[in-house]
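The lines below spell out each chain.
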Amino acid sequence: MTFIFKKRSNLPGFGLALGYTVLYLSLIVLIPLAATFLKASSLSWDQFWHIASSPRAVASYRLTFGASLVGALINLVFGVLVAWVLVRYTFPGKRLFDSLVDLPFALPTAVAGIALTTIYAPNGWLGRPLAALGIKSAYSPLGVAIALTFIGLPFVVRSVQPVLEDMDKELEEAAASLGASRWQTFSRVVMPTILPAALAGFAMAFARAVGEYGSVVFISGNMPMKTEITPLLIITKLDQYDYAGATAIAVVMLVFSLILLLPINLLQKWSSSREEKIPALAAEEIQ
Amino acid sequence: MATTLPLSTRAFQPDRRVATAATGESVWVRWVLIGVAVVFLGLFIFLPLAIVFSQAFAKGISVYWASLRQPDALAAIRLTLLAAAIAVPLNLVFGVAAAWAIGKFEFVGKSLLITLIDLPFSVSPVVSGLIYVLLFGLQGVLGPWLARHDLQVIFAVPGIVLATIFVTFPFVARELIPLLQAQGQEEEEAALALGASGWQTFFRVSLPNIKWGLLYGVILCNARAMGEFGAVSVVSGHIRGRTNTMPLHVEILYNEYQFSAAFAVASLLALLALTTLFVKTIVEWRARRQLAESARWDGEEQPV
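Definitions and cut-offs
Residues numbered from 1 in each chain as written. Chains lettered and ligands numbered in written order. Predicted model: local features only at pLDDT ≥ 70, side-chain atom pairs only at ≥ 80, totals over all residues. Heavy atoms only, no water. Contact = heavy atoms within 4.5 Å. Buried area = accessible area lost by both parts, 1.4 Å probe. Salt bridge = Lys/Arg side-chain N within 4 Å of Asp/Glu carboxyl O. Polar contact = N/O pair within 3.5 Å; in protein donor to acceptor, adjacent residues only side chain to side chain. Helix = DSSP H or I, 4+ residues; strand = E, 2+ residues; numbered from the N terminus. Nonpolar A, V, L, I, M, F, W, Y, C, P; charged D, E, K, R; others polar. 1 Å grid on protein atoms, 1.4 Å probe; cavity = no way out; pocket = protein on both sides within 12 Å on 5 of 7 lines; lining within 4 Å. Points joined across faces, edges and corners; volume = space filled by probe spheres on them. Core = buried A, V, L, I, M, F, W, Y, C linked by side-chain atoms within 4.5 Å. Buried < 20%, exposed > 50% of the residue type's maximum accessible area, 1.4 Å probe, protein only. Phe/Tyr/Trp six-rings, centres within 6.5 Å; stacked < 30°, edge-to-face > 60°.

### Quick look at the interface of chain B and chain A
Taken together, the contacts link 100 residues of chain B with 100 residues of chain A. Surface buried jointly by chain B and chain A totals about 9200 Å² across both partners, of which 78% is contributed by carbon and sulfur atoms. Taken together, the links from chain B to chain A amount to two salt bridges. Notably, a salt bridge pairs A:Asp102 with B:Lys280, separated by 2.8 Å at the nearest N-O pair. Along the contact surface separating chain B from chain A lie 14 residue pairs in polar contact (both at pLDDT 80 or more). With 21 residues, helix 1 (residues 27-56) of chain B is the largest single contributor of residues to the side of chain B that touches chain A. For the side of chain B that touches chain A, the per-class residue count stands at 68 nonpolar, 21 polar and 11 charged.

What follows is the structure, encoded as structure tokens:
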């Protein structure tokens with residue numbers, strides 16, 4: 001059997017297009033990333049481990065991953081709810097809400113950061129009433145979670161919305177006609193259909209939150225061991241010219257985001273295979 | 001992984017039927033759910049927008065204009081426009097090339113290539129900046145060579161441009177790949193069979209078919225290029241009037257307690273974000289109308 005790199009095609013330009021793509025990708029992304037791992041490999045394993053597992057670094061992981069998880073969970077619940085409301089109901093201003101769901105993608109993170117900080121600061125619109133209840137929002141781990149909820153908001157909504165739109169009403173009608181209550185229909189018919197998309201959105205929101213910097217640095221207060229996120233720790237080490245330290249922690253983050261790519265890809269595949277299967281089944285039933 | 005704003009798939013599909021009584025919720029449940037969604041979006045979307053504009057104009061319109069006309073603010077606006085003016089065209093050419101190779105041909109390693117193109121989305125912005133410091137900084141791999149030739153990349157404009165290119169790298173490619181894939185090859189093959197050259201086919205047949213997706217990809221790439229903070233912050237060195245972009249200028253003003261000035265510059269960036277969302281809505285609307293039209297044409301051609 002001979003190895004075939006490319007299927008025959010009548011269209012021109014494959015060599016040029018692929019060649020340029022690979023060249024540009026290598027120059028901008030692959031070579032600089034490889035240089036980072038090269039730099040990290042100049043550290044011995046003991047040195048690397050000493051930096052990566054220092055108490056300050058571990059405290060930053062705990063805050064970064066903990067607050068990202070809280071943010072992604074909030075987005076999982078409210079994202080499904082928002083997607084449901086936007087697809088199934090009509091209400092005044094619906095199209096405006098629908099367009100603005102993407103704001104966290106489009107708004108520069110520094111702008112989001114100073115806006116959220118001003119809202120939740122002790123004298124802010126929401127910070128003051130929260131402070132009166134004894135809740136410290138800005139400059140605390142709660143503030144970090146608020147910023148990370150904002151940053152991940154569109155992921156679950158935008159991943160669940162198309163699945164709900166494509167879902168055949170027949171399935172729900174069948175469940176209802178067989179005597180299922182509305183809640184039973186939702187939990188046994190609708191939920192399983194949107195679950196892969198919702199989980200994919202959750203994982204993307206989590207991955208995005210872990211790396212986030214701009215919207216968090218203003219609201220977090222940046223106290224080492226307490227409200228210092230991992231990306232900020234990298235910047236702090238760079239400002240002290242501690243390149244080895246910054247690289248070691250960056251490698252921890254890089255490895256983590258590469259590991260996260262796998263479940264995200266699997267969830268997206270699961271979700272799109274689900275989407276394709278349902279219309280196919282419905283078509284079979286009609287014939 | 002999509003950290004981008006994908007165009008809604010609904011824009012490319014005909015409308016579905018609306019809910020019927022048997023599968024709807026009671027009015028109470030419906031309005032409670034709508035209420036919760038509206039409060040949630042209000043808290044996280046409308047409130048931040050409202051505070052940006054209310055703080056920007058808190059000390060009056062003359063202070064607002066004055067903060068935008070400061071020499072440092074103007075320098076930051078110029079640098080932001082320059083970085084975007086370099087990064088966006090480069091990523092546009094790359095995006096079209098990548099989409100042509102991936103969308104129109106089948107080859108080994110295609111899904112690996114797509115994953116690698118998406119890589120900049122899954123890297124923390126801070127790490128994106130750091131990798132260029134490790135490559136071009138004084139302590140970096142190429143640092144000594146650059147220093148000997150008196151070239152400065154890090155803490156200078158080239159570093160800012162590079163970091164901007166990296167974080168906006170996948171945007172155009174991501175928008176175009178699914179569009180070129182969906183369109184198949186028949187139209188291009190027809191043009192070639194009629195004697196058009198490869199470039200003619202691309203510019204007269206393929207490009208008009210993807211123009212809305214292309215426009216949207218460029219707008220999105222531009223919004224992110226102008227708004228990037230973390231990556232640029234690592235490579236910039238924060239030299240006022242020289243290596244500060246608009247988001248970095250916002251940070252400096254804010255940390256100096258010049259809140260009105262910080263929010264004045266921030267309001268420009270917020271307007272950019274709102275414009276981006278507006279264009280997205282328009283593009284989706286155009287795509288849906290185009291689809292409805294082509295569906296009608298198909299319908300007329302078929303004998304009833």
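Having put the structure on the table, let's press on.
### Comments concerning empty space enclosed by the protein
Considering all chains together, one arrives at five cavities of 30 Å³ or more under this definition. Put simply, the second largest cavity is a space of about 180 Å³. Lining the second largest cavity are 18 residues, with B:Phe121, B:Ser122, B:Val123, B:Ser124 and B:Pro125 sitting closest to its centre. Breaking the lining of the second largest cavity down by element, the ones donating at least two residues are helix 10 (182-211) and helix 13 (243-286) of chain A together with helix 4 (110-122) of chain B. Among the residues making up the lining of the second largest cavity, the classes are represented as 10 nonpolar, five polar and three charged.

### Comments concerning the nonpolar core
Core analysis: the biggest nonpolar cluster contains 189 residues, and A:Ile28, A:Val160, A:Leu164, A:Ile234, B:Ile117 and B:Tyr132 have the highest contact counts within it. Setting aside chain neighbours within four positions, we find B:Tyr132 in contact with A:Ile28, A:Pro32, B:Gly137, B:Ile154, B:Leu162, B:Ala163, B:Phe166 and B:Val235.

### A word on the packing of aromatic side chains
This model, assessed by the stated rule, comprises 33 aromatic pairs over all chains. Ring centres of A:Phe206 and A:Phe256 lie 6.2 Å apart, and the angle between their planes is 75°; this geometry places the pair in the edge-to-face category. A residue pair is termed long-range when its members are at least 10 positions apart, and A:Phe206 in helix 10 and A:Phe256 in helix 13 qualify at 50 residues. With 5.2 Å between their ring centres and 50° between their planes, B:Phe40 and B:Phe44 make a pair best called tilted. In this pair, B:Phe40 and B:Phe44 are both assigned in helix 1, four residues apart and thus about one turn of the helix distant.

Shape is all these values report; function is a separate question.
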